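A closer look at the structure
Below are the chains, spelled out letter by letter.
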Amino acid sequence: MKMVNTTSNTLKLTAISVAVAMLLSGCNGDDGKDGIDGVAGMDGADGSNGAPGLPQGQFLIANNGESNSGTVSLVDQNANTLETLTTGANEGVVFTQTGSVVQAGDSDTPLLRTLCSLSSSTSGMYSADADTEISGANTGLTNPKGIAVANDAGIIFAADFTGMRISIFGSQAAGDVAPVAEIVTAAQPWDVAFDEDSDRLFVALTDGTIAVYDDVIASEFAPTVTRTIVPSDSDGNQISVNAHGIVYEPMSDRLVISDVGDAAVADDGQLFVLTSAASADGATVPTRTIGGALTVLGNPVDIALTGSTLRVAEKSNDAILVFTNIFSGESGDIAPDLVTSTSKPESIAELTDVEMQMDASDNGLSTMPIKGLSVTSNPGEASDTTGGVTQYSATLSSELASFDSTISIESATYTAVGDGYITFDDTATSTGGILVVNRLKSTRNDGMYNTSYDHEISGDSTGLIAPKGIDVSSNDNLIFVADIDASAPGVRIFSTCAAGNVAPLLTLTASNGASPWDVDYDAETDQAFLALTNGTVAVFEDVVRKLNSGMDTIDGEDRLITPAMSGTAVAAPTNIHGIDYDAQSDSLVISDVGSAADATDGKLYVIPGAKNASGLTDMSVSISGPLSMLGNPVDLMLSNGHVYVAEKSNSAVLRFDNILNQASGDMTPSYSVPFTAPESVSVLLN
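These lines cover the structure that appears in this document, whether it is placed above or below. (Residues numbered from 1 in each chain as written. Predicted model: local features only at pLDDT ≥ 70, side-chain atom pairs only at ≥ 80, totals over all residues. Heavy atoms only, no water.)

A tally of regular secondary structure across the chain gives 1 helix and 53 strands. The C-alpha radius of gyration computed for the chain amounts to 27 Å, which stays within 12% of the reference 26 Å derived for 686 residues, consistent with globular compactness. Going through the 686 residues of the chain one by one, you find that 60% of them count as buried. Here the analysis covers contacts within the chain between residues at least 6 apart in sequence; of these, 57% occur between residues at least 24 apart. Accessible surface for the chain amounts to roughly 23800 Å². Of this, 48% is attributable to carbon and sulfur atoms. Looking at the chain, you have 26 positive and 88 negative side-chain charges, and the mean spots of the two groups are 2 Å apart. (Helix = DSSP H or I, 4+ residues; strand = E, 2+ residues; numbered from the N terminus. Rg over C-alpha atoms; globule rule 2.2 N^0.38 Å. Buried < 20%, exposed > 50% of the residue type's maximum accessible area, 1.4 Å probe, protein only. Contact = heavy atoms within 4.5 Å. Areas by Shrake-Rupley, 256 points an atom, 1.4 Å probe, with all protein chains shown as cover. Lys, Arg positive; Asp, Glu negative; His and termini not counted. Charge placed at Lys NZ, Arg CZ, Asp CG, Glu CD.)

Printed below as a string of structure tokens:
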């Protein structure tokens, strides 16, 4: 494992089923001969059956034997198997902060695969409809082994063994795409560790040395400061032979390295502990060296560090080894504290805590600082602002960042980690889709769509023809897309990891062929609110529950809300576009563009009691009139009690403060900024 977590907390997976599938056969030639038997485990506090008392935890073990290649075992702290995943990959594995699994593979086609939302997986199997793969000639991948993920930046580092390079991709790249960059290494690399806080990359090379690169991301992946650490004895003689696994502990600035020695020998493996790793250069004497017959170290191909407990994937001796207190104690022939038989383990990673994530559309009233506001531009004819995504401060007083989608776009939304999802439609070809932009919220200022970082969801199978509004549920790893296609209007739901020409996981279709312009999904109530262009709101209940039960279509809403005043429906023309539900106040805030040809008849409504509302429902707030600047308010979002509005016909972004408690009538926006043809607004959380 490459991103070290020094706590013992783990995510408990409750819905992964045992997958039964044809396993990829064959091995990659790295197996050593059968080794010596492992020693018995030592007693420990609160342990059982000879096992030490290890803190509870769960781990992923990538298997790479003749009979189990292509699978990943989910195990407990003692390496007892709990479940088995069928990933189709066989090399390095990591677990990300979003609960996904990223794994390298080289048993057939070289690839990197991301299994989305492991915690809610019901199949435990890689799915082309819900997960992501990077593979093909353009990737340059030949034999990817160990990998590391920079969670904040959304970057994947892969050690390409025979390619003698580190291949770097954005975490939202997919398909046959070129890497962002490649860092050529002096010898064949096996594993990588990346410290994101210091922007430093450590590479375990199979000549026994460790390459160190500073300012990796800051240099745009062309670091000029490089060092080589050579584990050596006190006389300066190199003692390392064939470095494989590597982990970095940033709090104490220590590296732990596993060395397989001769891959054909099953008793010559070693472990090295190195201090002052951030500045070490040249011959470096380890503070601890472990090797010898008692260690059971033959081919320790990967390691994972939890606090001071080191777990070793020992391939030639078919075992997971546990060394507690790896940083302290004498050097020498030290027996592991626990040995668990496991067939041909290739990589090991800890399952760390995945925090519940708040999406911006769910932050209606909670007072909290926000990064700003994202606005998309969609002029009727191509112009300099076409495809532009601009970020403003919360009070709309200053521009913070910009991005070029390179095509005409519609609406944008963001996951909790900052990836952007942008709808687009091409009226000339009657096709639509979604651009998935890696870390759009945080790191793409002055950038543009780039397949080395990003990908798209489009094609006949998607059903996307004229997509407009879009929403995301980060905890469920789902995106909701409103499509107004005249022949098949509906909301299509995809995995956040979906890529290419894939079918939606679920489609919501309103009654009587009504067209949804926008959608807001509320995870707390498991309800989707559809803004319909006929002036009503369709409500679908138990959406994710029904998806998880196996449904792929839901025809007809559970409830239909018709905005009213004193029991009378709003008079035509009425055409609801923007929508945002706030569970805390149980209120809907919606925008009505009225006639699209009239730049003065737009309205904002607040509908109370929306969770159970049905039929004619009186609004508590209605704002319209010349002071309001509302003509075609095509999108909105509620945050901190304020509503942001994309006012397209009057080319402005508006903010109305304390909207739920406003009096109805004609009121001036609290803040506004001119903006060419705004199509959508999305609040950016810090």
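After that view, the rundown keeps rolling.
For the rest of this paragraph, the subject is the sheet that holds strand β5 (residues 101-105). Within the open sheet, the 4 strands sit side by side as β4-β5-β6-β7. Their pairing is antiparallel. Sheet topology places β4 (93-95) and β7 (132-135) at the edges, where each strand pairs with a single neighbour. Across the sheet, the axes of successive neighbouring strands diverge by a mean angle of 15°, strand direction being ignored. Pairing of β5 with strand β6 (residues 111-115) involves 5 bridges; the strand directions are antiparallel. Following the sheet pairing, Val 102 is matched in β6 by Thr 114. (Pairing = 2+ DSSP bridges. Axes fitted to C-alpha atoms, helices over the stretch in contact; angles between N-to-C directions.)

Okay, the pairing of strand β35 (residues 478-483) next. Within β35, 6 of the 6 residues are buried, leaving the element largely enclosed by the surrounding structure. Of the two faces of β35, the one carrying Leu 478, Phe 480 and Ala 482 and the one carrying Ile 479, Val 481 and Asp 483 are both buried. Adjacent in sequence and paired antiparallel, strand β34 (residues 467-473) and β35 are bridged by 4 residues, among which Asn 477 carries a positive phi angle near 55°. Of the pairings in the sheet, the one linking β35 to strand β36 (residues 490-495) comprises 6 bridges and is antiparallel in character. Note on β36: the bridge partner recorded for Asp 483 is Gly 490.

Okay, the sheet that holds strand β18 (residues 270-275) next. Reading across from one edge, β16-β17-β18-β20 is the order of the 4 strands in this open sheet, with antiparallel pairing throughout. Two strands lie at the open edges of the sheet, namely β16 (243-249) and β20 (288-291), each paired on one side alone. Sheet twist, expressed as the mean angle between neighbouring strand axes with direction ignored, is 15°. Direction of pairing for β16 relative to strand β17 (residues 254-259): antiparallel, over a ladder of 5 bridges. Paired with Tyr 248 across the two strands is Leu 255, which belongs to β17.

Turning next to the state of the cysteines. Scanning all chains against the criterion turns up 1 disulfide. With a sulfur-sulfur separation of 2.2 Å, Cys 116 is cross-linked through a disulfide to Cys 497. The disulfide joining Cys 116 to Cys 497 has a torsion of about 70° about its S-S bond and is therefore right-handed. One end of the pair, Cys 116, is in the loop between β6 and β7; the other, Cys 497, is in the loop between β36 and β37 (506-509), with 381 residues separating them in the sequence. Comparing Cys 116 with Cys 497 shows no difference in burial state: the two are buried. (Disulfide = S-S within 2.5 Å.)

On to empty space enclosed by the protein, then. One pass over the full model with this rule turns up 4 cavities of 30 Å³ or more. Volume-wise, the largest cavity comes out at about 330 Å³. Lining the largest cavity are 25 residues, with Thr 98, Ser 100, Gln 172, Asp 419 and Cys 497 positioned closest to its centre. Residue classes in the lining of the largest cavity are distributed as 9 nonpolar, 14 polar and 2 charged. There is about 130 Å³ of room inside the second largest cavity. Ile 470, Asp 518, Asp 635, Leu 636 and Met 637 are the residues nearest the centre of the second largest cavity, which is lined by 17 residues in total. Of the residues assigned to the lining of the second largest cavity, the class counts are 7 nonpolar, 5 polar and 5 charged. (1 Å grid on protein atoms, 1.4 Å probe; cavity = no way out; pocket = protein on both sides within 12 Å on 5 of 7 lines; lining within 4 Å. Points joined across faces, edges and corners; volume = space filled by probe spheres on them. Nonpolar A, V, L, I, M, F, W, Y, C, P; charged D, E, K, R; others polar.)

Right, let's talk about the nonpolar core for a bit. Taken as a class, soluble globular proteins show a tendency for nonpolar side chains to be buried jointly. Ranked by internal contacts, the top residues of the largest apolar core, which has 21 residues, are Phe 157, Ile 166 and Leu 201. Elements that contribute at least two residues to this core include exactly β8 (144-150), β9 (155-160), β10 (165-170), β11 (181-184), β12 (189-195), β13 (200-205) and β14 (210-214). If we skip the residues at most four places from it in the chain, Ile 166 touches Phe 157, Ala 158, Ala 159, Ala 181, Glu 182, Ile 183, Thr 185, Pro 189, Val 192, Leu 201 and Val 203. Among the nonpolar cores identified, the runner-up in size contains 20 residues, and Val 491, Ala 514, Val 543 and Val 544 belong to it. (Core = buried A, V, L, I, M, F, W, Y, C linked by side-chain atoms within 4.5 Å.)

This brings us to the pattern of salt bridges. Under the counting rule described, the total for this entry stands at 18 salt bridges. Residue Glu 91 is joined to Lys 145 by a salt bridge in which the shortest nitrogen-to-oxygen separation is 3.1 Å. Of this pair, Glu 91 sits in the loop between β3 (81-86) and β4 while Lys 145 is found in strand β8, placing the two residues 54 residues apart along the sequence. The exposure class assigned to Glu 91 is buried, which follows from its relative accessible area of 1%. Glu 679 serves as the salt-bridge partner of Lys 648, at 2.5 Å between the closest nitrogen and oxygen. Of this pair, Lys 648 sits in the loop between β50 (642-647) and β51 (652-656) while Glu 679 is found in strand β53 (residues 678-685), placing the two residues 31 residues apart along the sequence. Judged by relative accessible area, which is 2%, Glu 679 ranks as buried. Linked by salt bridges that have partners in common, Glu 91, Asp 106 and Lys 145 make up one network. (Salt bridge = Lys/Arg side-chain N within 4 Å of Asp/Glu carboxyl O.)

Under the criterion given, the structure shown has 6 aromatic pairs. Pairing Phe 529 with Tyr 581 gives two aromatic rings, centres 4.5 Å apart and planes at 20°, and the pair type is stacked. Residue Phe 529 is found in strand β39 (residues 527-532), and its partner Tyr 581 is found in strand β44 (residues 576-582); the two are separated by 52 residues along the sequence. On the accessibility criterion, Tyr 581 (2% relative accessible area) is buried. For Arg 113, the ring lying beneath its charged end belongs to Tyr 126, and the centroid distance is 3.9 Å. The ring of Tyr 453 carries the charged tip of Arg 444 above its face, separated from the ring centre by 4.7 Å. (Phe/Tyr/Trp six-rings, centres within 6.5 Å; stacked < 30°, edge-to-face > 60°. Lys NZ or Arg CZ within 6 Å of the ring centre and 35° of its normal.)

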